[in-house]
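Architecture and fold: a report
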Amino acid sequence: MTGEISRSRLSLHVTALLIFAFAALLRVGLLNAPGEFDEFYHLLAARGLMDSGVPRILDGEYWRGALFTRMVAGLFHLTGSEDLPVARVISVIAGSLIPVMVFLWISKVVGTGTAALATAFTLFWPQGILESQLARFYALHVLTFLLGAAAFYLLVAGGVSSRLIYAALTALGWTLAIHFQISAVIGVGAACLGGIFVLVMRQRINPAATLLLLSPLIVLGIIAAVALDAASVLARAWEFYRWTPVHSEHLRNYYAFYFQQFETWYGLMWFASLALVPLGLRANQTLAVYCATIFVLCFLAHSFGGMKSLRYMSYATPFLFVNWALGVRVLVGVLTRRFSPRTRNTILVLSGILVVVATLFVPRSLQLASGEGLPDRGDWRDGAEIVGEWLEEAPFIVTTRELHQIAYLGDYDVLFSESRRSELSPPEDFGVDPRTGRPVVGTEDNIMLVIRCVPDGLLVTSPDWWYDAGFNELLGRQMDAEGIVFDIREDDAITAIRWHRDDDTPAACETLPRALRTTPPEDVIP
């Protein structure tokens, strides 16, 4: 008997190792892809850690996801390389462990058949494949939240010998998840509610007695809510929940965003959720309710929040996969129970082919795994060759993509960005971004004021800002009208505008902050 258990465990561990290897194989095709904007925060901050012991970027500091930044810095120290592909390795490992954790958890609770289905969905997960190749904490956020949620389920569902270990894993996982993304609080709350449902269904607690015990807490909660509302705390919390930077404002009130995203990539499976989730109750009632509670509450909370991106739902998505796996297991059992094993296997294969044909998630996953299909990120790696000697000659440099500028071209003086301005507190022109220590200008008038008042400068931007957003017309026309001469160098990813003016500094430049005046008016004493 002991030998059989040992062989079973060995088989489980070997399977887990194979899953990790296959997941990693699907998650390395984009390691050398151009950087996404937010990746550079950790790349540059990790270099700052290496140089000064502080996550410094120019004269600012970047502390968000500090643990991830320290891990990147540690990897830099270990490998001797400070390049972006090396920084992405941490996410590759974390992202490859997510399917492993799903497999081990569901195998323990339900069995290897259902676990294999849930793992397959997690392996061929386009968003998961993307996040696993970003030098950003997204994959670690998913992994740590999943660790906490799986441990918490095993803790409340029973059947584990060392409850203290699972309690510690729950606390560790969720603490780290909240460190990486504060939105994990929503998932933790949903998981706790799901845990209560599990306890009720397993008759470990009496619903009426629980309500009686909780009633004083409910009353205190209402009193606290009234007090917080009087102190405007709730209003500020709501403002934070609904806030979004300028570049995402168009999605703030698009409440169907996540529905549309899941519909696009999962099609048939997404709509089949209405049947698969209830069917899953027949396979494992407590697990189905627990996972559905987490996914549905997170889905609703993020749908009505201001910030929207598919990555914000990533930490809840594996729980949808578990629900699908439970439902598919029951559905297949019902439809094939009267058939021979050979016919049953044929039906399973045909069903799998139907899912692949009727949805996009498997083809999209394979496309990303092969290193193709990545949306344009703007590749500035050859920027120094395009801009050339202007970088050395220009006494004043402006950019619209500050992190790309620092990573590939060097220092700058001012950032032109309406969106980054909206992230300042207060959001005003010439405010300093604490992440870089550089001033930000976002309004058109003050953008032109800087160009007008700096007699010799360089603007490094992207074609979508200069042409698509219309600044070539807006600024170019004004520069021509005011006698400001400018030249352009560009390629598909970068546009460099070198301007100069020979006449006297306009009087209006007295309104420009003193630190930005390269040639102050004669009547102003520096």
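**A look at the overall build of the protein chain**
- On a plain count of helices and strands, the protein chain comes out with 25 helices and nine strands.
- Seen through its principal axes, the protein chain has C-alpha atoms that stretch 90 × 55 × 40 Å.
- Taking all 526 residues of the protein chain together, 48% fall into the buried category.
- Considering only contacts in the protein chain between residues 6 or more positions apart, those separated by 24 or more positions represent 72%.
- On the protein chain, roughly 25000 Å² of surface is accessible, and the fraction owed to carbon and sulfur atoms is 62%.
- Across the protein chain, the centroid of the 39 positively charged side chains sits 21 Å from that of the 48 negatively charged ones.

**A word on unusual backbone geometry**
- The linkage connecting Ser425 with the following residue, Pro426, adopts the cis geometry, with an omega of -5 degrees.
- Positionally, Pro426 belongs in the loop between helix H22 (418-422) and strand E5 (431-433).
- If you check the backbone angles, Phe430 has positive phi at about 70 degrees while not being a glycine.
- Tracing the backbone shows Phe430 in the loop between H22 and E5.
- A relative accessible area of 19% means that Phe430 is categorised as buried.

**Examining the sheet that holds E5**
- Taking strand neighbours across the sheet as the criterion, the seven strands line up as E5-E6-E4-E3-E7-E9-E8 in an open arrangement whose pairing is mixed. Of all the strands in the sheet, just E5 and strand E8 (485-490) have a single pairing partner and so form its edges. In this sheet, adjacent strand axes meet at a mean angle of 30 degrees when their direction is disregarded.
- The pairing of strand E3 (residues 397-399) with strand E7 (residues 456-461) spans three bridges and is classified as parallel. Directly across from Val398, in E7, lies its bridge partner Leu459.

**Quick look at the layout of surface pockets**
- Approximately 670 Å³ is the volume attributed to the second largest pocket.
- Lining the second largest pocket are 24 residues, and of these Phe121, Val328, Ser351, Gly352 and Val355 sit closest to its centre.
- For the lining of the second largest pocket, the secondary-structure elements that each account for two or more residues are helix H6 (112-123), helix H14 (268-280), helix H16 (317-336), helix H17 (341-358) and helix H18 (361-369).
- At seven residues, H17 tops the list of elements feeding residues into the lining of the second largest pocket.

**As for the packing of helix H5 (residues 89-109) against H6**
- Interhelical geometry of H5 versus H6 gives an angle of 160 degrees and a closest axis separation of 8 Å. Of the possible angle classes, the one that applies to H5 and H6 is roughly antiparallel. The chirality of how H5 crosses H6 is right-handed. Contacts between H5 and H6 involve Ile98, Pro99, Val102, Phe103, Ile106 and Ser107 from the first element and Thr112, Thr114, Ala115, Ala116, Ala118, Thr119, Thr122 and Leu123 from the second.
- Taken together, the residues of the contact of H5 with H6 break down into nine nonpolar, five polar and no charged.

**Brief notes about the pairing of strand E6 (residues 438-441)**
- Where strand E4 (residues 414-416) lies against E6, two bridges are found, and the strand directions are parallel. Looking at the pairing, Phe416 lines up with Val441 of E6.
- With three bridges joining them, E5 and E6 adopt antiparallel strand pairing. Its bridge partner being in E6, Asp433 is matched across the sheet by Arg438.

**Concerning the pairing of E8**
- Note that E8 and strand E9 (residues 495-500) share six bridges and pair antiparallel. From the neighbouring strand, Phe486 faces E9, where its bridge partner is Trp499.
- The turn linking E8 back onto E9 is made up of four residues.

**Structural notes on the packing of H14 against H16**
- Contact geometry of H14 with H16 gives a least axis separation of 8 Å together with a crossing angle of 70 degrees. Judged on the interaxial angle alone, H16 and H14 are roughly perpendicular. Crossing hand, H14 versus H16: left-handed. Every residue of H16 that contacts H14 at Met269, Trp270, Ser273, Leu276, Val277, Leu279 and Gly280 is listed here: Leu320, Asn323, Trp324, Leu326, Gly327, Val328, Val330 and Leu331.

**A look at helix H21 (residues 402-409)**
- Along H21, seven of the eight residues are buried, which leaves the element largely enclosed by surrounding structure.
- Buried within H21 we find Glu402, Leu403, His404, Gln405, Ile406, Ala407 and Leu409.

**Let's talk about the confidence of the model for the protein chain**
- Residues at a pLDDT of 70 or more form 90% of the protein chain, whose mean pLDDT is 89.
- The model gives residues 519-526 a pLDDT under 50, and that stretch makes ten contacts with residues more than four places away or in other chains.

**Remarks on the side chain of His42**
- Looking at where His42 falls in the secondary structure, it is placed in helix H2 (residues 39-52).
- The contacts of His42, once residues within four sequence positions are left out, are Tyr62, Arg64, Gly65, Phe68, Thr69, Val72, Ala135, Arg136 and Phe137.

**Regarding a negative patch on the surface**
- A cluster of acidic residues, Glu249, Glu418, Glu444 and Asp445, forms a negative patch on the protein surface.
- Along the chain, Glu444 turns up in helix H23 (residues 444-453).
- The class for Glu444 is partly exposed, based on a relative accessible area of 45%.

Parameters and conventions
Residues numbered from 1 in each chain as written. Predicted model: local features only at pLDDT ≥ 70, side-chain atom pairs only at ≥ 80, totals over all residues. Heavy atoms only, no water. Helix = DSSP H or I, 4+ residues; strand = E, 2+ residues; numbered from the N terminus. Buried < 20%, exposed > 50% of the residue type's maximum accessible area, 1.4 Å probe, protein only. Contact = heavy atoms within 4.5 Å. Areas by Shrake-Rupley, 256 points an atom, 1.4 Å probe, with all protein chains shown as cover. Lys, Arg positive; Asp, Glu negative; His and termini not counted. Charge placed at Lys NZ, Arg CZ, Asp CG, Glu CD. Pairing = 2+ DSSP bridges. Axes fitted to C-alpha atoms, helices over the stretch in contact; angles between N-to-C directions. 1 Å grid on protein atoms, 1.4 Å probe; cavity = no way out; pocket = protein on both sides within 12 Å on 5 of 7 lines; lining within 4 Å. Points joined across faces, edges and corners; volume = space filled by probe spheres on them. Parallel < 35°, antiparallel > 145°, perpendicular 65-115°, else oblique. Left-handed = near helix turned anticlockwise from the far one by under 90°. Nonpolar A, V, L, I, M, F, W, Y, C, P; charged D, E, K, R; others polar. pLDDT = per-residue confidence, 0-100. Patch = residues over 30% accessible without salt bridge, like charges linked within 9 Å, V, L, I, M, F, W, Y side chains within 5 Å. Salt bridge = Lys/Arg side-chain N within 4 Å of Asp/Glu carboxyl O.

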